[in-house]
Amino acid sequence: MAVPIYVVDAFASRPFTGNPAGICLLDEPVGEDWMQHVAAEMKHAETAFVSASPDGFGLRWFTPATEVDLCGHATLAAAHILWQVGWLEEHDEARFHTKSGLLTCTRHGYGIQMDFPSEPVISGESFDRAAILAALGLKEGIVERNRMDYLVEIANEAQLKTLRPDMEALQAIGGRGVIVTAPSSSSDRDFVSRFFAPAAGVDEDPVTGSAHCCLGPYWAAKLGKDHLIGYQCSVRGGTVAVAVRGDRVMLQGHAITVLIGEFLG
């Protein structure tokens, strides 16, 4: 079976930046084991599997180790490919049926806009905040969590860039991953972040769209504004524009195709 596969740099301003995602376009059903093997072979943070369905497309995301409930960069990449190959016309909306409900993407002045669920922090949660700070090598920070991830706010961007977490300790904490964030030191951005998910098989994710479903409402409340620019300061780096609209967030970014091929396994 030859399956078209693409590699797309999402939330990228040029090739080899942002977050690479594998995109498989399926014209017949395949098993979960096969999808997991492909994702392990691709070794990207996520590989997305797209299949035609009534009123849109089915979309599933796999890391090299497991399936995940929500992924922003691979959704951006999947929409980009559907327009590129002609499965969607230029002005069509991409409608994805996923484990997190219906997600839609549209072409926008700033690349592609995605309509995602807001994933705010949950007040009053009880968990071991000290263990999370220790795993990150921090003595202090504001520690919260939402339904998927922990969120840690620290003092500044310089501190964020020098973090060297203990991945084994982070993996033992549980949850999908840990978002670490700080105010931006640049006037053209509102906040910066990094994302660590060793429990999901990804020590550090280059640019995490779904983390901005939490970062958007978090910084909107702090800064008193509902349109924000975030930058994920991994080695590759990437910019995510966020608009907070009640229980939804609009995530915006660019995508660049860097590889086209066929998977023969």
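See the structure shown above.
Here we summarise the structure given alongside this text.

What counts and how
Residues numbered from 1 in each chain as written. Predicted model: local features only at pLDDT ≥ 70, side-chain atom pairs only at ≥ 80, totals over all residues. Heavy atoms only, no water. Helix = DSSP H or I, 4+ residues; strand = E, 2+ residues; numbered from the N terminus. Buried < 20%, exposed > 50% of the residue type's maximum accessible area, 1.4 Å probe, protein only. Contact = heavy atoms within 4.5 Å. Salt bridge = Lys/Arg side-chain N within 4 Å of Asp/Glu carboxyl O. Expected span 1.5 Å × (residues − 1). Phe/Tyr/Trp six-rings, centres within 6.5 Å; stacked < 30°, edge-to-face > 60°. Lys NZ or Arg CZ within 6 Å of the ring centre and 35° of its normal.

Let us now look at the side chain of His44. By secondary structure assignment, the location of His44 is in the loop between helix 1 (32-42) and strand 3 (46-53). Here His44 falls in the buried class, since its relative accessible area comes to 17%. Excluding residues within four positions of it along the chain, His44 makes contact with Val7, Pro20, Ala21, Gly22, Ala39 and Pro64.

Below, the discussion takes up the environment of Leu138. Looking at the element boundaries, Leu138 is found in the loop between helix 3 (129-136) and strand 9 (142-145). It is 42 Å that separates the C-alpha atoms of Leu138 and Gly31, two residues lying 107 residues apart in sequence. With residues near it in sequence (within four places) discarded, Leu138 still touches Leu133, Val152, Ile154, Gln159 and Leu163.

Counting across every chain of the model gives 13 salt bridges. Put simply, Glu67 and Lys99 hold a salt bridge, and the shortest N to O gap is 3.3 Å. In this pair, Glu67 sits in strand 5 (residues 67-68) while Lys99 sits in the loop between strand 6 (94-98) and strand 7 (101-108), placing the two residues 32 residues apart along the sequence. Among the salt bridges present, the one from Glu153 reaches Lys222, with a minimum N-O distance of 3.2 Å. Placement of Glu153 in strand 10 (residues 149-153) and of Lys222 in helix 6 (residues 212-223) is noted, with a sequence separation of 69 residues between them. A residue is classified by how much of its surface remains accessible, and Glu153, at 11% relative accessible area, is buried. Here Lys222 falls in the partly exposed class, since its relative accessible area comes to 42%. By sharing partners, the salt bridges in this structure join Glu32, Arg60, Glu67 and Lys99 into a single network.

Turning next to helix 2 (residues 72-85). When the terminal C-alpha atoms of helix 2 are compared, their 20 Å separation across 14 residues agrees well with the 20 Å that a helix rising 1.5 Å per residue should span. A large share of helix 2 lies buried, amounting to 12 of its 14 residues. Among all positions of helix 2, only Gly72, His73, Ala74, Thr75, Leu76, Ala77, Ala78, Ala79, His80, Ile81, Leu82 and Trp83 are buried.

Next up on the list: the packing of aromatic side chains. In total, this model carries eight aromatic pairs according to the counting rule given. Ring plane angle 65 degrees and centroid distance 6.2 Å describe the contact between Trp34 and Phe49, whose orientation is recorded as edge-to-face. Taken together, the residues Trp34 in helix 1 and Phe49 in strand 3 connect sequence positions 15 residues apart. Each member of the pair, Trp34 as well as Phe49, is classed as buried. Ring geometry for Trp34 versus Phe263: centroids 5.9 Å apart, planes at 90 degrees, classification edge-to-face. With Trp34 in helix 1 and Phe263 in strand 17 (residues 255-263), this pair connects stretches of sequence that are 229 residues apart. Linked through ring pairs, Trp34, Phe49, Phe62 and Phe263 together constitute an aromatic cluster. When the ring centre of Phe127 is taken as origin, the NZ or CZ atom of Arg129, which lies over that ring, is 4.1 Å away. The residue whose ring lies beneath Arg189 is Tyr231, and the NZ or CZ to ring-centre distance is 3.9 Å.

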